[in-house]
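Listed here are the chains, written in short residue letters.
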Amino acid sequence: MHTRRFELFVVFVALLALNILISTWLLSGPTPSVAQAGPLNQGLEVAAITAIPSTFSYQGSLRDADGNLVNGTVNLSLRLYGVVTGGAPIYTEDFTNVNVRSGLFTVIVGDAKALPADVFNTFPLYLGIKVNDDAEMLPRQRLHPVPYAMQATRAQNAQIADNLSPGGGVPNLVTLGANDTSEIAFEPGGKVTSDADGLTLTGGDNKPVTVNGDLVVNGAWNAGAIHDVGDSNSGPNQRSTYAVEIRRYVVEAPDKGSAPNTVPIDNVILTALCQDEDGCRVSLYMRNWDLANAPGLLAGIGPFRMALATAINGRQQWSVYDNSSGFGTIGTDNDNVGTNVMNAYNACFLTDGEVVNGQGSDAKLGFGLVNWFGAYDSVNMTCVLIIED
């Protein structure tokens, strides 16, 4: 057997199969330079990627110097290079006692020895092969993808998985938070930050954050109100901001006859809206008080300015005032005396007490809405309380 001629035949016959099989493997597995799942990805994504096989079949046909198909066993060595001559191989795998029948043989590259996916990040890539003890054949053969596999070259513009770790990102475009900071910063400005206080969206260089389209907020919506504090002695004002909840809280109480109960008002929301620097606006209305002639119409009083003090020793001071009419009331919640904070036509009451079966008391903190029988009494009439910051 003349090995040198035998080797040359292996290159030109087996290489075609190698090109096709490698291209198929690239399409089914990790493609060059694609941003694969890094440390920040969820477990499901990582499991899906690691499940993809990182092997491919290599098949060839062997003939001796006289052109006869070989039968028996041979030793093969497959090497991948990034240069056409010289240099160190990027990957090497040896196959011993490879069975050859009627000239045909098959080996699984990467089955016995791990084949790193980043081997195929090298372009161009050259295959060197040797049979038995002969030297490696020259010239090395350049690997080429099949036409559809060339689509994978677009992935060269993606970032590798290392850039998905803290401090990485897309150079000159996006930077991921480092030093335990959960943050995504964008060039030339703007960032998204997540911390113990929630998620913060910041415009770059004090620029506004613009929303194109409807913005729906489920929950509180805070705005920073400007707050100047002077010294009343010709000194400069000290400016700061405080959160104003741009939210409307509506409570309704339907008619329940001559023995109604109080509809409770959520004290957490009431405190958030009415216990800041400027208090809140409160309005009290009747709806469907004249169902025959004015269905759905609101009639009532307000808005009044309401303020809540901090609770001390289980009691809380409150005040309601209307500049236009000079109407004002000050009271104490949980003082064992129920007080009407607002009264709309002797039909709807905002009270700091509790009413059960028409009987009132004030034995705990909290406010309530009462639909009282009598004036404008109707099964269709509903009391409506509107609180705005």
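Refer to the structure printed above.
A brief report on the enclosed structure follows. These numbers were taken from a predicted model, which means no experiment stands behind them.

So, on to the environment of N68. Tracing the backbone through its elements, the reader meets N68 in the loop between β1 (56–61) and β2 (72–81). Taking relative accessible area as the criterion, N68 reaches 41% and is therefore assigned partly exposed. On a C-alpha basis, the gap between N68 and S102 in space is 8.8 Å, while along the polypeptide they are 34 residues apart. In this structure, N68 is in contact with L62 and R63, ignoring residues within four places of it in sequence.

Among the nonpolar cores identified, the biggest contains 29 residues, and I265, F367, L385 and I387 are the most heavily contacted of them. Setting aside its immediate chain neighbours within four residues, I387 contacts R247, R248, Y249, I265, L270, L273, C274, C280 and R281. One finds Y58, Y91, V109 and V131 within the second-largest nonpolar core, a separate group that totals 24 residues.

Right, let's get into unusual backbone geometry. Of the consecutive residues F123 and P124, the connecting peptide bond is found in the cis state with omega at -10°. Within the secondary structure, P124 sits in the loop between β4 (104–109) and β5 (126–131). Of note, the amide linkage connecting E187 to P188 takes the cis form, showing an omega dihedral of 5°. With respect to the secondary-structure elements, P188 resides in the loop between β9 (182–186) and β10 (191–195). In this model, N313 sits at a positive phi of 55°, which is unusual for a non-glycine residue. Examined against the element boundaries, N313 turns out to sit in the loop between β17 (298–308) and β18 (316–322).

On to the sheet that holds β10, then. Reading across the sheet, the 5 strands line up as β7-β8-β9-β10-β11 and stay open at both edges, with antiparallel pairing between neighbours. Either end of the sheet is taken by a strand with one partner, and the two such strands are β7 (169–170) and β11 (198–202). Taken together, the 5 bridges between β10 and β11 define a ladder with antiparallel strand orientation. Within β11, the position partnered with T193 by the bridge is T200.

Moving on: the pairing of β4. The two faces of β4 differ: F105, V107 and V109 on one face are buried, but L104, T106 and I108 on the other face are not. Pairing of β1 with β4, which is carried by 6 bridges, proceeds in the antiparallel orientation. Residue F56 lies in a different strand from β4, and its bridge partner there is V109.

For the rest of this paragraph, the subject is the packing of aromatic side chains. For the coordinates displayed, the defined rule picks out 3 aromatic pairs. Between Y345 and Y376 the ring centres are 5.9 Å apart and the planes differ by 65°, which places this aromatic pair in the edge-to-face class. With Y345 in the loop between β20 (340–344) and β21 (348–351) and Y376 in the loop between β24 (368–371) and β25 (382–388), this pair connects stretches of sequence that are 31 residues apart. A relative accessible area of 37% places Y345 in the partly exposed class. The exposure class of Y376 is partly exposed, given its relative accessible area of 40%. The rings of W289, Y345 and Y376 are connected pair by pair, giving a single aromatic cluster. Positioned above the aromatic ring of Y91, the side-chain terminus of K113 is 5.2 Å from the ring centre.

Formally, a disulfide is one covalent bond, and it connects the sulfur atom of one cysteine to the sulfur atom of another. Taken as a whole and assessed by the stated rule, the structure comprises 2 disulfides. Residue pairing for C348: its cysteine sulfur links by disulfide to C383, the two sulfurs lying 2.0 Å apart. Every disulfide takes its handedness from the sign of the S-S torsion; for C348 and C383 that torsion is -85°, giving left-handed. With C348 in strand β21 and C383 in strand β25, the pair connects residues that are 35 residues apart, well separated along the chain. The same class applies to C348 as to C383, namely buried. When the bonded cysteines of the protein are counted from the start of the sequence, the pairing works out to 1-2, 3-4.

Definitions and limits used
Residues numbered from 1 in each chain as written. Predicted model: local features only at pLDDT ≥ 70, side-chain atom pairs only at ≥ 80, totals over all residues. Heavy atoms only, no water. Helix = DSSP H or I, 4+ residues; strand = E, 2+ residues; numbered from the N terminus. Buried < 20%, exposed > 50% of the residue type's maximum accessible area, 1.4 Å probe, protein only. Contact = heavy atoms within 4.5 Å. Core = buried A, V, L, I, M, F, W, Y, C linked by side-chain atoms within 4.5 Å. Pairing = 2+ DSSP bridges. Phe/Tyr/Trp six-rings, centres within 6.5 Å; stacked < 30°, edge-to-face > 60°. Lys NZ or Arg CZ within 6 Å of the ring centre and 35° of its normal. Disulfide = S-S within 2.5 Å.

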